[in-house]
Amino acid sequence: MMRMRELTLSDATRVAEIEQELFAGDNPWSRDVFVAEFAQPYTFYVGAFEGDGPDGEETLVGYAGLAMLGPRDDPEFEVHTIGVDPAFQGRGIGRALMDQLVHAADMLDGPMFLEVRTDNAPAVGMYKSYGFFELAVRKNYYQPSGADAYSMMRHRRSERET
Ligand SMILES: CC(C)(COP(=O)(O)OP(=O)(O)OC[C@H]1O[C@@H](n2cnc3c(N)ncnc32)[C@H](O)[C@@H]1OP(=O)(O)O)[C@@H](O)C(=O)NCCC(=O)NCCS
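The paragraphs below set out a description of the structure included in this document. Residue indices follow the written sequence of each chain, beginning from 1 at its first position. For a predicted model such as this one, the threshold for reporting local features is a pLDDT of at least 70, and the threshold for listing and counting side-chain atom pairs is 80 or more; totals across whole chains, interfaces and linings nevertheless cover every residue. Working from all heavy atoms in the structure, the side-chain values ignore hydrogens and water.

### As for the overall build of the chain
Working step 1: Tallying secondary structure elements over the chain gives five helices and seven strands in all.
Working step 2: The helix and strand sequence of the chain, counted from the amino end, reads β-α-α-β-β-β-α-β-α-β-β-α.
Working step 3: For 162 residues, the compact-globule estimate of 2.2 N^0.38 gives 15 Å, and the C-alpha radius of gyration of the chain, at 16 Å, lies within 12% of that figure.
Working step 4: Accessible area is worked out with a 1.4 Å probe on protein chains only. A residue is then buried under 20% of its type maximum, exposed over 50%, and partly exposed in between. Counting over 162 residues, the chain shows a buried share of 41%.
Working step 5: Using the Shrake-Rupley algorithm and a 1.4 Å probe, accessible areas are obtained, with residue cover drawn only from the displayed protein chains. With an accessible surface of roughly 8700 Å², the chain has 50% of that area assigned to carbon and sulfur atoms. Only runs of H or I of at least four residues qualify as helices and only runs of E of at least two qualify as strands under DSSP, and these elements are numbered from the N terminus. With the radius of gyration taken over C-alpha atoms, the globule rule is written as 2.2 Å times the number of residues to the power 0.38.

### Regarding the site of the ligand
Working step 1: Val84, Gly90, Gly94, Arg95 and Asn120 are the nearest of the 20 residues found near the ligand.
Working step 2: Between the ligand and Ile82, the relevant distance is 2.8 Å, taken from a nitrogen atom to a main-chain nitrogen or oxygen of the residue.
Working step 3: Between the ligand and Gly92 there is a distance of 2.8 Å, counted from an oxygen atom to a backbone nitrogen or oxygen.
Working step 4: Broken down by secondary-structure element, the contributors of at least two residues to the shell around the ligand are strand 4 (76–84), helix 3 (93–107), strand 5 (112–117) and helix 4 (121–129).
Working step 5: If you tally residues by element for the shell around the ligand, the top one is helix 4, at five residues.
Working step 6: Considering only residue class, the shell around the ligand consists of 10 nonpolar, seven polar and three charged. For each residue, the test is whether any non-hydrogen atom lies within 4 Å of the molecule or strand; if one does, the residue is near. In protein, a polar contact requires one atom able to donate a hydrogen and another able to accept it; more generally it is a pair of N or O atoms within 3.5 Å, and residues adjacent in sequence count only if both atoms are side-chain atoms. Amino acids outside the nonpolar list (Ala, Val, Leu, Ile, Met, Phe, Trp, Tyr, Cys, Pro) and the charged list (Asp, Glu, Lys, Arg) are all regarded as polar, and Gly is one of them.

### Concerning the environment of Glu19
Working step 1: Residue position: Glu19 is located in helix 1 (residues 12–22).
Working step 2: The sequence separation of Glu19 and Gly70 amounts to 51 residues, and the corresponding C-alpha distance is 27 Å.
Working step 3: Every residue pair with non-hydrogen atoms within 4.5 Å of one another is taken to be in contact. Ignoring sequence-local partners within four residues, the contact set of Glu19 consists of Ala24, Pro28, Trp29, Phe34, Tyr63 and Thr81.
Working step 4: Engagement of the side chain of Glu19 in a polar contact is seen with the backbone nitrogen of Trp29, the distance being 3.0 Å.

### Some words on the pattern of salt bridges
It is possible for side chains of opposite charge to pair when their charged atoms get near one another.
Working step 1: Definition used for salt bridges: Asp or Glu carboxyl oxygen within 4 Å of a side-chain nitrogen of Lys or Arg. Counted by the stated rule, this structure contains 14 salt bridges.
Working step 2: A salt bridge links Asp11 to Arg5, with the nearest nitrogen and oxygen atoms 2.8 Å apart.
Working step 3: Look at Asp11 and you get buried, because its relative accessible area is 7%.
Working step 4: Looking at Arg5, the relative accessible area reads 27%, which means it is partly exposed.
Working step 5: Residue Arg138 pairs with Glu115 through a salt bridge whose shortest N-O separation is 3.3 Å. Linking Arg138 in strand 6 (residues 133–138) with Glu115 in strand 5, this pair joins segments that are 23 residues apart in sequence.
Working step 6: The exposure class assigned to Glu115 is partly exposed, which follows from its relative accessible area of 27%.
Working step 7: Through salt bridges with shared partners, one network takes in Arg14, Glu17 and Asp85.

### Topic: helix 1
Since one α-helical turn is 3.6 residues long, residues separated by three or four positions face the same way.
Working step 1: Looking at helix 1, one finds that the buried residues are Ala12, Val15, Ala16, Ile18 and Glu19. Buried residues in helix 1, looked at end-on, bunch into an arc of 165°, giving them a common side.
Working step 2: Of the surrounding secondary structure, the elements contacted by the buried residues of helix 1 are helix 2 (31–39), strand 3 (59–69) and strand 4. This arc describes the spread of directions from the helix axis toward the C-beta atoms.

### Quick word on the sheet that holds strand 5
Working step 1: Whether two strands pair depends on DSSP finding at least two bridges between them. Judged by pairing direction, the sheet is mixed, and its seven strands sit side by side in the order 1-2-3-4-5-7-6 without closing on themselves. Edge strands, defined here as strands with exactly one partner in the open sheet, are strand 1 (2–6) and strand 6. Put simply, the sheet's adjacent strands are angled 25° from each other on average, direction ignored.
Working step 2: As paired strands, strand 2 (residues 43–50) and strand 3 are joined by eight bridges and run antiparallel to one another. Looking at strand 3, one finds that Phe49 is bridged to Leu60.
Working step 3: Across the face of the sheet, helix 1 comes into contact with strand 3 and strand 4 while running at roughly 90° to strand 3.
Working step 4: Lines fitted to C-alpha atoms define the axes, with helix axes restricted to the stretch in contact, and inter-axis angles between N-to-C directions lie between 0 and 180 degrees. Along the sheet, helix 4 makes contact with strand 4, strand 5, strand 6 and strand 7 (149–154), crossing strand 5 at roughly 160°.

Put into structure tokens, the structure is as follows:
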């Protein structure tokens, strides 16, 4: 069974391990970067855990991070990262993580932004299903791969509903 909770410093090593596996060619974030991210006052990091260990212990299988920018009464949000352990992909975990991020942004009625590789069809498809659309292509955004990125945006809740 999957459980979700906010990530803490003690999760940083495992998050960096999954990150390394998912983004090996695109400058994956190290444990130290995640430690710094978790410590920021305006970031929200959530993890998905599966309890399939021999003694019932839980293993982190996915993570997602959101940053809030701008003034408190008119914030905007950036999806900093989202990733699911390849062995656990395609089971709804990415969507469960994304639900948390969009909920946080919608509560404060802020628009969301993100970058994603143009060739990353699963992620682009997932983002579009949440109302993200392509704003621009950013050439050679990812290094060292040199892959292009879409900048994508999702309107704030009040603009989507009108
Ligand atoms: C993108 C990612 C987080 C999705 O996680 P996941 O747990 O596999 O996704 P889910 O099973 O919850 O599926 C969510 C949606 O993603 C899309 N999706 C997932 N796998 C897909 C695939 N193989 N092909 C096309 N779309 C796919 C679908 O829109 C899906 O929604 P649906 O099931 O309602 O159709 C995961 O593929 C991943 O970690 N990829 C590598 C890291 C990455 O690219 N992160 C994004 C960087 S910007």
